[in-house]
Structure formats: C-alpha cells, structure tokens
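In case you want the letters, here they are:
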Amino acid sequence: MFQAINTATSGRLVHPDSSGYGVGFDFTQIFNFKTHSSGVMFMRNLDQPEHIKGKLENSKPVLLLPGPKEPKTFKAYFQRVCVDLRKYGPQGPGLEVTEAILDKDGTVQKTFMHTAFLLSVSADSPARQKMAMWPPVAAYLASGWCLFEGFKREDDGTTHFGGYAEAAEQIFLELGLCKVGDAKLQLSDNMQHQRAKLVEDAKASAQKSGCMGYSEFPRILSYVSYSDVWELPIYHAGLYGIVKGFMAFLLSDYSGSNCPEHVIPKKLRSLMRERGKKLRLTAEFGRPYKCIVDSFKSYQLVDWLHFLETFSLFVLRHDILGSVMQELWDKLRSALLHYFRIVVVDDDLLAPGSTFNNDVRHQAQGNLLRYASLVEQHLPESLLTYNLHILVCRLYKQEEARGCTATCGELWVERACHSVSASYGAEALD
C-alpha cells in the first residue's frame, strides 16, 4: 500500500518534508445521562518509533461531535477533516512549517512546506462502518471488504456469518454457494469506488451493494486506498469478539449433573480455580489474576490478553478441555498471538529465522480459518460472529498491505477517548 501511494505521488511520501498520519474515531461519555454520547476524532503522527507512537501525549483531538444525540449523517463532519488533509497533503500546497535548527554558527530558522499523508483510520467496527459508509454490523452485507452474505438466526434474529467448513448460499447477489474468501466476492479498490458512486447516484440499492454511499476519505483524498486505509480493531474483535465468546461458551451455566457437550464440567472448574490461586505474578503485569471461572464477565481487554498469552497455559493445561476444544483453543491462541505481537522485520523477510515470513503468515491464517471451521462444525451458531468473519476475511490481507498488525491496533484511540471522558467528567452535563 505504501509503495503504491509513494508511486502515485511521485515519491513524495518518502520525502524528508513529508509525514504519515493516522486518525482514530470513537464515541465516549461526556454527558452523564448517556454513554457514548459524543464522538471524538484524534490524529497522531506515524513517523514516531513504535514504543512511543501510542502514548497519549502523541494523540491530539481534531474533531468533536458534541452529542448527546448521534447525528443522522456524519459526512459533513468528516468532510471538513478530509478537506484540510487534502489542502495540507500531496493534492495541495502543504503546510508551511518553521523549525529552529542548531548549527555551529548558532540557531537558524528553516521554513519548508510539510506534506501530510493520511495512511490509516482506526476505529471499532460500529464507528468504522459509519466512516466507510458501510452498513451496520448487523446487516447481511456488513463486511465492507467483501460481499459475503450473513444469515439471520431464527431464535433471536441476530446476524451471523458461516462459510468456513461448508459453502453458504449467497442469496442477495445470486452467486450460489460460496466460502469465505471466494475470489468472486472480493472487492478491489476500483469496485469499492464504483459501487459507492452507484449508490450515491441512486443507481444501485444500498441493501444489495453492501454500501451506503461514498466515504469522504477516499472520495476527497485521491491517494487513499478504499480497502486498505481502514485498520481492523484487532483487540476488540479478537479478545472481546472471539476469545470472550469462546470462554463464555465453555463456562456456560448448567444445572444438575448433565453437563452439555464441550462445556467444562463443574469439577474441572474447581480445579481451574485452585490453579488460579497458585499464580504469583511479577510487577510488570500491573494487575492481579482474576479467576476466569468466576470473574470472566468483568474481564477488560488487558485481562483477556493476559489470559490468552500467559494464564491459560497453566489454568487450562492437560485435561481441562476435550480434544476438539483443545484444538480450537490452540488454533485460536496461536493465530491471535501472531497478530498481537509486534514483529521487528529484517531486510530479508524470507529468511528462515524471520518471524514475519510468508510461511508464518500462512500458518496464522490457516490456524484462524481452522478455528472458524471447527466452530461451524461443533459449536452454536452464536459463535459465528461478525468479528470472526472480518478477522478471517481481512487480517491476512491487511498484513500484506500494511505489515505487522500489532502496530495497527485501536488501543491508542481507546486511550485518547478515556482521557477526554476523564477530563470532562467532572463538568459533564446532567
């Protein structure tokens, strides 16, 4: 993606006077009487080292949707940000910057035109759908990156996505039986622009196009990739969306002595509790272990991450899970840790010792797909979630376009939103 942008702008992306920027958008609570009452967009510079890029002081608010009601349309708000980015980017004159440089003769002033490139947009899935002008996550064609069709569960009417172990019927577009990742369902950048324009001009149905109109970001910023600019919320989707759901199923409530298939029996849950009591943590964990059996409903992102990476190795070891559930957990854990861990990439990506070569990436993709296939074969449809679909559909391609996914997470947006909420909480309007 970055090479394509650099080529399209005649090498300006890598010019010393240019920088890449990322924006993040989410809703936070400013008004006491309503959660997620106000929308905030932040911006950060992407040229900084990874270990400081996500720090709070490097994120600045650039847009506020005051609330407390959500606006009917977001385009007018996002348009103003995009127009400024176009002015200060490769399509405009840039931004005049003056900096002080200390040389051997003293301090001198250097003035130059700075070029700002928008290289990423981070948000959780509901916010991203609004920014990209894609349907809500409960829609049949909610993916955004492809045209794979979800299905409604008969018992509660919620939307879920199959097509992993067995092909699923594609009714809206009359494409027959397809699996997730089928080439005829994939959307190129040109196709994204074409369907957006058709819907915008009322020449195509939004419901059957999987698109609600033209997003301001790729419409105004010609160098932006319609598909690649949106970063997956890997932590929300992976931890809250998949790990939490899987563990909630394993720890499902039941009465009597008849334990449902694949659910952890009460006797083994007692063993898990005892193992948890033996855990002794070093200071860098920052918080104590919370019993997965009794407290998983109160787990936050960091709790799930610690459990996935560390605690599960001890708490779930040996005979807690049956063979099928153990394979499910092993595949899921291996895949997610690949995507959650920052990889320092050497010049030779194909070197045998590299942790980011194509073989490793294919293995992670295969593990995630295997997990999804086993869920479809053995577990309730409720676990075939939208989050699982977008990770299977998109993670490998995002990695291909942007590199290591752990550097593209949404946690910096969460941190910035919490700061805004805390700053205005004492003055929030009742």
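Residues numbered from 1 in each chain as written. Predicted model: local features only at pLDDT ≥ 70, side-chain atom pairs only at ≥ 80, totals over all residues. Heavy atoms only, no water.

Quick notes on the pattern of salt bridges
(1) Moving on: Evaluation of the coordinates by the stated rule reveals 16 salt bridges.
(2) Moving on: For Lys53, the salt bridge identified is with Glu50, shortest N-O distance 2.8 Å. A residue pair is termed a helical-turn pair when its members lie 3 or 4 positions apart in one helix, as Lys53 and Glu50 do in helix H2 (residues 50-53) at three residues.
(3) Moving on: With relative accessibility at 8%, the residue Lys53 sits in the buried group.
(4) Moving on: The shortest N-O distance in the salt bridge between Arg341 and Glu309 comes to 2.9 Å. (Salt bridge = Lys/Arg side-chain N within 4 Å of Asp/Glu carboxyl O. Helix = DSSP H or I, 4+ residues; strand = E, 2+ residues; numbered from the N terminus. Buried < 20%, exposed > 50% of the residue type's maximum accessible area, 1.4 Å probe, protein only.)

Brief notes about the packing of helix H12 (residues 323-340) against helix H14 (residues 386-402)
(1) Moving on: Between H12 and H14, whose axes approach to 12 Å, the crossing angle comes to 40°. Crossing angle aside, the handedness with which H12 passes H14 is left-handed. The residues of H14 that touch H12, namely those facing Leu336, His338 and Tyr339, are Leu391, Leu395, Tyr396 and Glu399.
(2) Moving on: Grouping the constituent residues of the contact of H12 with H14 by class yields five nonpolar, one polar and one charged. (Axes fitted to C-alpha atoms, helices over the stretch in contact; angles between N-to-C directions. Left-handed = near helix turned anticlockwise from the far one by under 90°. Contact = heavy atoms within 4.5 Å. Nonpolar A, V, L, I, M, F, W, Y, C, P; charged D, E, K, R; others polar.)

Brief notes about the side chain of Arg275
(1) Moving on: Along the chain, Arg275 turns up in helix H9 (residues 266-277).
(2) Moving on: Every residue in contact with Arg275, bar those within four places of it in the chain, is listed here: Phe314, Val315, Leu316, Arg317, Asp319 and Ile320.

Considering unusual backbone geometry
(1) Moving on: In this structure, Ala202 takes a positive phi of about 60° despite not being glycine.
(2) Moving on: Its location among the elements puts Ala202 in the loop between helix H5 (189-200) and helix H6 (206-209).
(3) Moving on: Judged by its relative accessible area of 69%, Ala202 is exposed.
(4) Moving on: Positioned with a positive phi, His262 is a non-glycine residue whose angle comes to about 75°.

Details of the packing of aromatic side chains
(1) Moving on: Summed over the entire model, instances satisfying the criterion amount to 21 aromatic pairs.
(2) Moving on: Their ring planes at 80° and their centres at 6.1 Å tell us that Phe27 and Phe74 sit as a pair that is edge-to-face. With a gap of 47 residues between them, Phe27 in strand E1 (residues 18-28) and Phe74 in the loop between strand E3 (59-65) and helix H3 (75-88) connect regions that are remote in the sequence. With respect to class, Phe27 is no different from Phe74; both count as buried.
(3) Moving on: Its relative accessible area of 7% is what places Phe74 among the buried residues.
(4) Moving on: Three or more aromatic residues joined by ring pairs make a cluster, and in this case those are Phe25, Phe27, Phe74, Phe78, Trp134, Trp145, Phe217 and Trp230.
(5) Moving on: The residue whose ring lies beneath Lys110 is Phe112, and the NZ or CZ to ring-centre distance is 5.2 Å.
(6) Moving on: The ring of Tyr140 has Lys152 sitting right over it, with the charged end atom 5.4 Å from the ring centre. (Phe/Tyr/Trp six-rings, centres within 6.5 Å; stacked < 30°, edge-to-face > 60°. Lys NZ or Arg CZ within 6 Å of the ring centre and 35° of its normal.)

Quick word on the environment of Gly163
(1) Moving on: Within the secondary structure, Gly163 is located in the loop between strand E7 (159-160) and strand E8 (168-170).
(2) Moving on: What Gly163 contacts, discounting residues up to four positions off in sequence, is Phe148, Ala168, Cys178, Lys179, Val180 and Glu376.

Points about the nonpolar core
(1) Moving on: Formed by 111 residues in total, the largest nonpolar core has its most connected members in Phe217, Trp230, Met247, Ile292, Phe307 and Trp329.
(2) Moving on: Of all the elements, helix H8 (residues 234-250) adds the most residues to this core, at 10 residues.
(3) Moving on: Every residue in contact with Phe307, bar those within four places of it in the chain, is listed here: Met247, Tyr289, Ile292, Tyr299, Ser312, Val315, Leu316 and Trp329.
(4) Moving on: Core analysis: the next-biggest nonpolar cluster, separate from the first, contains eight residues, Val40, Val413, Ala416 and Val420 among them. (Core = buried A, V, L, I, M, F, W, Y, C linked by side-chain atoms within 4.5 Å.)

Thoughts on the environment of Val108
(1) Moving on: Looking at where Val108 falls in the secondary structure, it is placed in strand E5 (residues 106-123).
(2) Moving on: Excluding anything up to four places from it in sequence, Val108 contacts Glu99, Ala100, Ile101 and Asp103.

Regarding the pairing of strand E2 (residues 38-45)
(1) Moving on: Within E2, eight of the eight residues are buried, which leaves the element mostly enclosed by the surrounding structure.
(2) Moving on: Note: E1 against E2, eight bridges, orientation antiparallel. Within the sheet, the bridge partner assigned to Tyr21 lies in E2 and is Asn45.
(3) Moving on: Across six bridges, the pairing between E2 and E3 is antiparallel. Residue Met41 lies in a different strand from E3, and its bridge partner there is Leu63. (Pairing = 2+ DSSP bridges.)

Interpretation in functional terms is not warranted from these geometric data alone.
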